[in-house]
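Chain by chain, the residues run as shown.
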Amino acid sequence: MDISTSSQTNTLAILVINCGSSSVKFSLIQPKSGINLLSGLAECLTTPQASIKIKYNINDSINDNNENQSETSFLSAPFDHQQALNALVSKLKALDLVEKIIAVGHRVVHGGEHYSKPILINDDVKRTINNLAKLAPLHNPANLIGINVCQKAFPKLSQIAIFDTAFHQSMPEKAYLYGIPFELYSKHGIRRYGFHGTSHYFVANQVAQLINKPLEQCNLISAHLGNGCSVTVIKNGKSVDTSLGMTPLEGVMMGTRSGDIDAGIIVHLVEQLSYSIEQIDTLLNKQSGLLGLSTLSNDCRTLEAAMFDDNHSKSAQAKIALTVFCYRIAKSIASFSASLTQLDGLIFTGGIGENSSWVRQQILKQLSLLNFQVCEEKNQATRFGTSGNIATKSSRPCWVIATNEEWVIAQQSAQLLNTIKNNSASN
Ligand code: AMP
């Protein structure tokens, strides 16, 4: 059976599970059309603020104009990953959606050097994901909870892992090695892995279609700017360098993460200011970035509103934070041009990249040497899900593309399932 072409299977869907450190995102997606039958988010897990939202449209035909239905917080807080997932399973059963599910695709954050492609999950794969928890202590254990709950709930369905690090496995040694003793890499795996791979791959693929060029011939720089931020350089369709490192702390400044700092600051914090390792971890991951510099918020929207309100007590501080944020992203984009001899254009994606015309304008203003010129009219018009090129005619192109990691996970899961079925049919 060819999952991607059979009309009989057009209504079938992949259940996509994305377990974060304190949240679970889920969707039931038809892999070919990208139609979402059900989606939702459970967040603030294990805290008194825990909440869960599920939206569904059980009439899956694109032409049926049924209104979406939604349910919010039908579990009493606090609840954890497992309870949220069990609630999802009960909802899928109550809505008679279980028989539409052909497989479960799990976003797994760290695949280390083991996985450069989606993989069918078995006990060995689970062991490897567990061993890699030392590189992603907040995420891989949560991903395993998602896998275990779904295996128990749907024992007959294939479970597939799609790794956030996989797209970056094509990076050359010169991009993934740090300038520290080689043994730390060869014995302990300390190297750049990169993250947001599924998003960078999706937006690059979208641009390849827009410019009518095979992805394998495209040279792009992609900036995923959300609460987490990363810049990736794509050469002939493959990731050749990226700003996030061994952990999702390196690179550009983010919502609450510092991005690059002088590593000597850590020694200074310990020796001169008596910080503990836990305090440094909290400082750099949760109290820095836009939040730390603005002393107001990690949220770009809140900071833009404060910056443009002269009466806001933190107006100047918000402007400083956003200015440093944009400058650091522009510097990262410019530095990545060193990996290319030809550049088809730049891509903005993620909550900030897709919606903040101010941030995009500031970044592009810094990049005039690379021949990026923003068209103000197009920049203002390309927000809230609208995609397109926001550059002037004489500029190098600059696309805004709404990312859709869930759809990539659904498509790649369906493709793997197809390959497995075709292989077993020919054996
Ligand atoms: P994400 O992590 O991709 O969901 O992105 C979250 C970030 O996108 C937050 O900093 C939001 O403030 C930001 N964001 C979302 N919508 C807008 C908007 N209209 N203008 C500016 N920033 C936005």
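Cut-off values and rules
Residues numbered from 1 in each chain as written. Predicted model: local features only at pLDDT ≥ 70, side-chain atom pairs only at ≥ 80, totals over all residues. Heavy atoms only, no water. Helix = DSSP H or I, 4+ residues; strand = E, 2+ residues; numbered from the N terminus. Buried < 20%, exposed > 50% of the residue type's maximum accessible area, 1.4 Å probe, protein only. Areas by Shrake-Rupley, 256 points an atom, 1.4 Å probe, with all protein chains shown as cover. Lys, Arg positive; Asp, Glu negative; His and termini not counted. Charge placed at Lys NZ, Arg CZ, Asp CG, Glu CD. Salt bridge = Lys/Arg side-chain N within 4 Å of Asp/Glu carboxyl O. Pairing = 2+ DSSP bridges. Contact = heavy atoms within 4.5 Å. Axes fitted to C-alpha atoms, helices over the stretch in contact; angles between N-to-C directions.

Q: What's the story with the overall build of the chain in this structure? I'm lost.
A: In terms of helices and strands, the chain carries 15 helices and 14 strands. For the C-alpha atoms alone, the extent of the chain along its principal axes is close to 55 × 55 × 50 Å. When each of the 427 residues of the chain is scored for burial, the buried share is 49%. Total accessible area on the chain stands at roughly 20,300 Å², and carbon and sulfur atoms take up 49% of it. A distance of 3 Å separates the average location of the 35 positive side-chain charges in the chain from that of its 33 negative side-chain charges.

Q: Explain the pattern of salt bridges here, please?
A: Where charged atoms from two side chains of opposite charge come close, those side chains can pair. Under the counting rule described, the total for this entry stands at 9 salt bridges. Close ionic contact of Glu183 with Lys187 constitutes a salt bridge, the shortest N to O distance being 3.6 Å. Judged by its relative accessible area of 49%, Glu183 falls in the partly exposed class. Connected through salt bridges with shared partners, the residues Arg192, Asp241 and Glu250 form a single ionic network.

Q: So what exactly am I meant to see when it comes to the sheet that holds strand 3 (residues 36-43) here?
A: Sheet strands pair by backbone hydrogen bonding; their relative direction is either parallel or antiparallel. The strand order across the open sheet formed by 8 strands is 5-4-3-2-1-6-8-7, and the pairing between neighbours is mixed. At either margin of the open sheet sits one strand with a lone partner, and together these are strand 5 (69-72) and strand 7 (119-120). The sheet contact formed by strand 3 and strand 4 (residues 51-56) spans 6 bridges and is antiparallel. Paired with Gly40 across the bridge in strand 4 is Ile54. Lying over the sheet, helix 1 (residues 81-94) contacts strand 1 (13-19), strand 2 (24-29), strand 3, strand 4, strand 5 and strand 6 (101-108), oriented at roughly 165° with respect to strand 1.

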